[in-house]
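Here are the chains, one letter per residue:
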Amino acid sequence: MKYFTIFTLLLFNCNCFSQSDISKLLGKWKIEKVINSTDSGVSCNAVSNYTLTFNKDFTYTFDAGPEVITTGKWKLEGNKINFFDNKLSDATKGTVANHAYIYKIMKDGRLVIDEYMCSEL
């Protein structure tokens, strides 16, 4: 299983993406840890068994438990992953806005996504 870390600071330079970036993203990623590097005091540590799956047909699934599954579409634009046409598995829980996060695939194979304030969690 692949692992990724979510950061809350914009830490990376702009990278162009290629077909190899798309190929590297495909599959299921397990959240390894979430780091909140702001002064907000918000705890982002409750991440047991969360996964993010990128499919070949440019759909995705973010699974944060049986009642918190988000699906939608994704695309790469520059150094960002854009998530759009998002839907929650339980529509009574609200809606998910379109969003884009800076990403980087590390040399050791980890995916790092820069997110603001644990918003998806």
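Before reading on, note that the structure itself is shown above.
A brief look at the structure comes next. Note that the coordinates shown come from a computational prediction; the quantities given were computed from them, not determined experimentally.

What counts, and where the lines are drawn
- Residues numbered from 1 in each chain as written.
- Predicted model: local features only at pLDDT ≥ 70, side-chain atom pairs only at ≥ 80, totals over all residues.
- Heavy atoms only, no water.
- Core = buried A, V, L, I, M, F, W, Y, C linked by side-chain atoms within 4.5 Å.
- Buried < 20%, exposed > 50% of the residue type's maximum accessible area, 1.4 Å probe, protein only.
- Helix = DSSP H or I, 4+ residues; strand = E, 2+ residues; numbered from the N terminus.
- Contact = heavy atoms within 4.5 Å.
- Polar contact = N/O pair within 3.5 Å; in protein donor to acceptor, adjacent residues only side chain to side chain.
- Phe/Tyr/Trp six-rings, centres within 6.5 Å; stacked < 30°, edge-to-face > 60°.

1. Some points on the nonpolar core
- Ranked by internal contacts, the top residues of the largest apolar core, which has 18 residues, are Phe54, Trp74, Ile81 and Phe83.
- Elements supplying a minimum of two residues to this core: helix 1 (19-25), strand 2 (27-34), strand 3 (51-54), strand 4 (59-63), strand 5 (69-77), strand 6 (80-88), strand 7 (99-105) and strand 8 (111-114).

2. Structural notes on the environment of Tyr60
- Along the polypeptide, Tyr60 turns up in strand 4.
- A relative accessible area of 3% places Tyr60 in the buried class.
- In sequence terms Tyr60 and Gly27 are 33 residues apart; their C-alpha atoms lie 9.4 Å from each other.
- Dropping the residues within four chain positions of it, Tyr60 is found in contact with Leu52, Thr53, Phe54, Asn55, Thr70, Thr71, Gly72, Lys73, Trp74, Phe83 and Asn86.
- Within the structure, Tyr60 has its side chain in polar contact with the side chain of Asn86 (distance 2.6 Å).

3. Quick notes on the packing of aromatic side chains
- Counting across every chain of the model gives six aromatic pairs.
- Each ring, one from Phe58 and one from Trp74, has its centre 4.9 Å from the other, and the planes form 50 degrees; the classification is tilted. Taken together, the residues Phe58 in the loop between strand 3 and strand 4 and Trp74 in strand 5 connect sequence positions 16 residues apart.
- Between Phe83 and Tyr101, the aromatic rings sit 6.2 Å apart at their centres with planes inclined by 55 degrees, giving tilted as the arrangement. In this pair, Phe83 is assigned in strand 6 and Tyr101 in strand 7, connecting sequence segments 18 residues apart. Accessibility classification places Phe83 together with Tyr101 in one group, the buried group.

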